[in-house]
Amino acid sequence: MKRMAWVVVAVLLLAAPAWAGTTIKFYYPVHLTGPLVKEVEAIVAEFHKVHPEINVEPVWGGTYPENMQKTVAAIQAGSPPDVAIHLAVDLVTLRDMDAVIPLDDYVQRDGGSEKVLGDFIPAFVSDLRAEGKVWALPFQRSTPILYINKELFRKAGLDPGKPPTTWEELLATAQKATARNPQGQVTTWGLTIPDDIWLLMCFIYQNGGRTSSPDFKKVYLGEPEAIGAVQFWADMANKHKVMPRHRTFPQGVQDFAAGNTAMLIHSTGNLRFVNDSAKFEWATAFLPKNKKQAVPIGGAGFYIFKKAPKEKQNAAWEFAKFATSPEMQARWNIGSGYIATRKSAFDLPIMKEYTAKLPQALVARDQLPYGLPEMSTHDNWKMRNIFVTTFQEILDEKYTPADGMKKAQTEIEAVLAPFQK
Amino acid sequence: MRSRPGWALAVHVLLLMAALVMVVPLVWIVLTAFKERNEVFSQIPQWLPAHPTFKNFLGVLDAMPFWRYYWNTIVVAFGILAIQVVTITLAAYAFARMQFWGRDVLFVLLLVQLMIAPQSTVIQNYITVTRLGLLDTKLAIMAPYLASAFGTFLLRQTFKGIPKELEEAAALDGCGTLRFLLHVAIPLALPGYLAFGLVSLTFHWNEFFWPLVVTETTGSRTLTLGLGIFAQTAEGSADWTMLMAMTLMVIAVPLGAFLLFQRRFINSFMQSGLGG
């Protein structure tokens, strides 16, 4: 047995490749399809060229929730990854498990906040902060934008150059663009919005409302602004019948690509898909405003895990920095449609060439000054689950918007009760 | 009644319609696999690809170590079945034929296990597998399934149907328990094994979440995880043409096996119906 062990060691030593230094395990999710796995692997390969002393082992973990479950299982078994991409809203959970480290020491070591974080688009860093510290470097970020099918606009006698800018205009445009057959059935929807709470947050913020508190302990779903936002949404689906009640994210964007809806509110992360699939002229625009212009920010960041030894944490920091560098972010933006998280990424030649060909991509960036952090609380997935279920029941007219939102508020308060101190 | 030609015709029309429901998605998979990406979303669905292409298949082979995943899947699915056959045979025989203290309680406990959703034990299983040092191996995927409550139950029922006299006669001729199992009980229970094998293979061929959680590298990952790269898209659209091309390649083995053994499968179900 002992001899066997020596043989193994010898083989390992002989087989040890050039890096021989530090190996770090990296869990990542991909929320969009196929090619993105290759894009992540390409970033890792580029990193190895610059840092031959570090070996990154990329592990695809499914979608965001699946990847998170994988990490949670690994944390509980005592073998977490060294670095991982998780949602900004997972920050609370990861901190509640005491699984990740703040990055401020590294930021100070490398020249301070302005030098290290100054080039990131501020909205993308703001939702990765908690208790005055920074917990992740932003990656794979998106916001909702308005997609417009120009041909259907023209067909309905609308000016494709003038997208709706307010709620009233949104409704009026949707009414004009909704086409029905003689039996009164809808053949083309005026507007499609997946019935997800990330998109509902847009309307709550635009209505001057708020969703969750900065300390992640409170929600404000019973407030009039939030109820008003749900009312507007439900009316578009049920009273005016200009949009379908239920659509998932994939269905929504497929409907748009198939020309079944004149407008779509959806993630910027689908720019590439729409560009590849749509056979008509299309445009993007800011989301319409009501009391104010606002949009929630979604997406993730690189987290570094507490249990990793110091040298691995150091290596993980180098990798996270590299993957969020302007060059890699430009590449990632072009490959995926997700917004580059660096201001200077947009000044690079490859990015200029890309946005010249696809000016729709710039809308997402230009809308970012209106970005607000996504709703997030302790026990985040449970909270979301209650919220989205109730929201869908409201759309099915099981509750009025006021009753439903108050019910969700009460149920979420019960979930958050253990965290109140 | 039965001899009336009208009746036979009605039955056949009904069966044909049912068959159509089964076959259409399969045909759709095949046709989509050869389409260009933007053909999928045309407003009026097109049956035939306008420009048939192998691009999707090549794309799949390029996107992942496909054949490695295929091999891993075969090892995992058939490996589980091979070990299960041993464990369920012995357990089922014990429950069906042997007398021992607490047998019925144990059997009920075993059945209770059928009601536990596998998802609820993921984290506990993950911890066990990690402590065994099996993380990121094919054995880790297989470990939780090496015994099967469903299989044990199914076989126990089948074994109970074998007349006691047969065993007594065999015993008189000097046949021990294991030999009786091997030469008498197992051959008689063959339909049960076939039915169980089919269920087990399909389940493990298709399983996604457990392998995703418990494996990390190419050496142990399975086909469903490869498929997931094209299908797991909470935020955007699936890559339908690639997905269909890969689906076609993934189901080729189970589908081929089924077509090959079709008659035997069907017979096995009919016999197990009679014998149960």
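Residues numbered from 1 in each chain as written. Chains lettered and ligands numbered in written order. Predicted model: local features only at pLDDT ≥ 70, side-chain atom pairs only at ≥ 80, totals over all residues.

Colleague: Got a minute to help me understand the overall build of chain B in this structure?
Modeller: Within chain B, the secondary structure is distributed over 13 helices and 0 strands. Starting at the N terminus, the α and β elements of chain B follow one another as α-α-α-α-α-α-α-α-α-α-α-α-α. For chain B, the residues scored as buried account for 31% of the 276 residues in total. Expressed as a percentage of contacts within chain B between residues at least 6 apart in sequence, the contacts between residues at least 24 apart total 74%. (Helix = DSSP H or I, 4+ residues; strand = E, 2+ residues; numbered from the N terminus. Buried ≥ 20, exposed ≤ 12 C-beta atoms within 10 Å, placed from the backbone. Contact = placed C-beta atoms within 7 Å.)

Colleague: Teacher, can you tell me more about the overall build of chain A here?
Modeller: For chain A, the helix and strand inventory stands at 19 helices and 13 strands. Over its C-alpha trace chain A gives a radius of gyration of 23 Å, about what one expects of a compact globule, namely 22 Å for 421 residues. Referenced to the eigenvectors of the C-alpha coordinate spread, the extents of chain A come out at roughly 85 × 50 × 45 Å. For chain A, with 421 residues in total, the buried portion stands at 51%. (Rg over C-alpha atoms; globule rule 2.2 N^0.38 Å.)

Colleague: Teacher, can you tell me more about the nonpolar core here?
Modeller: It is characteristic of soluble globular proteins that their nonpolar side chains tend to be buried jointly. Ranked by size, the top nonpolar core spans 157 residues in total, and within it A:Val83, A:Leu200, A:Tyr303, A:Ile304 and A:Phe319 carry the most contacts. It is helix α10 (residues 197-206) of chain A that contributes the most residues to this core, 9 residues altogether. A domain split of this core shows at least three residues from each of domain 1 (20-142 + 298-373) and domain 2 (144-297 + 378-419) of chain A. Setting aside chain neighbours within four positions, we find A:Phe319 in contact with A:Ile24, A:Phe47, A:Ile54, A:Val56 and A:Val83. Grouped together as the second largest cluster of nonpolar side chains are 15 residues, B:Ala92, B:Leu181, B:Ala185 and B:Phe196 included. (Core = buried A, V, L, I, M, F, W, Y, C linked by C-beta atoms within 7 Å. Domains from an automatic or database assignment.)

Colleague: Would you mind going over the domain arrangement of chain A with me for this structure?
Modeller: Buried accessible area, meaning the area lost when the parts come together, often serves as the stated size of an interface. Residues and elements named next belong to chain A. Annotation of chain A at the domain level lists domain 1 (20-142 + 298-373) and domain 2 (144-297 + 378-419). Put simply, the middle of domain 1 and the middle of domain 2, counted by C-alpha atoms, are 28 Å apart. Each side of the interface is counted separately: domain 1 has 29 residues, and domain 2 has 23 residues. Elements with a contribution of two residues or more to the side of domain 1 that touches domain 2: α4 (91-96), α7 (122-126), β6 (137-142), β12 (295-304), α17 (360-366) and β13 (371-373). Counting residues per element, the side of domain 1 that touches domain 2 draws most heavily on α17, which supplies 4 residues. Partitioned by chemical class, the residues of the side of domain 1 that touches domain 2 number 15 nonpolar, 10 polar and 4 charged. (Nonpolar A, V, L, I, M, F, W, Y, C, P; charged D, E, K, R; others polar.)

Colleague: Would you take a moment to explain the pairing of strand β10 (residues 261-267) of chain A for this structure?
Modeller: On any regular strand, side chains alternate: one points to one face of the sheet, the next to the other face. Residue and element names in this part refer to chain A. Among the 7 residues in β10, 7 count as buried, and that is most of the element. Strand direction decides the pairing type here: strand β7 (residues 144-149) and β10, joined by 5 bridges, are antiparallel. From the neighbouring strand, Pro144 faces β10, where its bridge partner is Ser267. Sheet analysis places strand β9 (residues 186-192) next to β10, joined by 3 bridges and oriented parallel. (Pairing = 2+ DSSP bridges.)

Colleague: Even after reading the chapter, I still don't get the sheet that holds β7(A), so can you show me in this structure?
Modeller: Backbone hydrogen bonds are what pair the strands of a sheet, in a parallel or an antiparallel way. Residue and element names in this part refer to chain A. Pairing in this open sheet of 5 strands is mixed, and the strands run β8-β9-β10-β7-β11 from one edge to the other. Among the strands making up the open sheet, the edge pair consists of β8 (179-180) and β11 (282-285). Relative to the sheet, helix α9 (residues 167-177) contacts β9 and β10, its axis offset from that of β9 by approximately 165°. (Axes fitted to C-alpha atoms, helices over the stretch in contact; angles between N-to-C directions.)

Colleague: Is there a simple way to explain helix α4 (residues 103-114) of chain B in this structure?
Modeller: Each turn of an α-helix holds 3.6 residues, which means side chains three or four residues apart point in the same direction. With 12 residues, α4(B) should reach 16 Å at 1.5 Å per residue; the first-to-last C-alpha distance of 17 Å fits that figure. Of all 12 residues making up α4(B), only 0 are buried, and the element is barely covered by its neighbours. (Expected span 1.5 Å × (residues − 1).)

Colleague: Before we go on, may I ask you to explain the interface of chain B and chain A in this structure?
Modeller: Counting from both sides, the interface comprises 25 residues of chain B and, opposite them, 33 residues of chain A. Among the elements of the structure, α5 (122-131), α11 (209-214) and α12 (223-231) of chain B are those that each provide at least two residues to the side of chain B that touches chain A. Considering every element that reaches the side of chain B that touches chain A, the biggest residue donor is α5(B), with 5 residues. Classifying every residue of the side of chain B that touches chain A gives 13 nonpolar, 8 polar and 4 charged.

Colleague: It is not clear to me how unusual backbone geometry should be interpreted in this structure. Could you clarify?
Modeller: Excluding glycine, a negative phi dihedral is what most residues carry, and trans is how most peptide bonds are arranged. Residue and element names in this part refer to chain A. Residue Phe216 is not a glycine yet carries a positive backbone phi of 65°. Tracing the backbone through its elements, the reader meets Phe216 in the loop between α10 and α11 (224-239). Phi is positive for Lys241, which is not a glycine, with a value near 50°. Inspection of the secondary structure puts Lys241 in the loop between α11 and α12 (249-257).

Colleague: Help me understand the confidence of the model for chain A in this model?
Modeller: Regions with low pLDDT should not have their predicted coordinates read in detail. Confidence in the prediction for chain A averages 91 pLDDT; 94% of positions are at 70 or higher. Every residue in residues 9-19 of chain A is under pLDDT 50, and counting partners more than four places away or in other chains gives 5 contacts. (pLDDT = per-residue confidence, 0-100.)

Colleague: Just checking my understanding: could you explain helix α1 (residues 5-33) of chain B for this structure?
Modeller: Residue and element names in this part refer to chain B. Over its 29 residues, α1 runs 41 Å from end to end, which matches the ideal 42 Å to within 8%, given 1.5 Å per residue. At Val23, α1 shows its largest kink, close to 30°, and the proline Pro25 lies no more than four residues downstream. Counting buried positions along α1 yields 2 of 29 residues, so the element is predominantly exposed. (Bend = angle between axes of the 7 residues up to and from the residue.)

Colleague: Looking at this structure, how should I read the environment of B:Met244?
Modeller: Residues and elements named next belong to chain B. Examined against the element boundaries, Met244 turns out to sit in helix α13 (residues 240-275). When the C-alpha positions of Met244 and Pro45 are compared, they lie 16 Å apart, and in sequence the two are 199 residues distant. Setting aside its immediate chain neighbours within four residues, Met244 contacts Ile29, Thr32 and Ala33.

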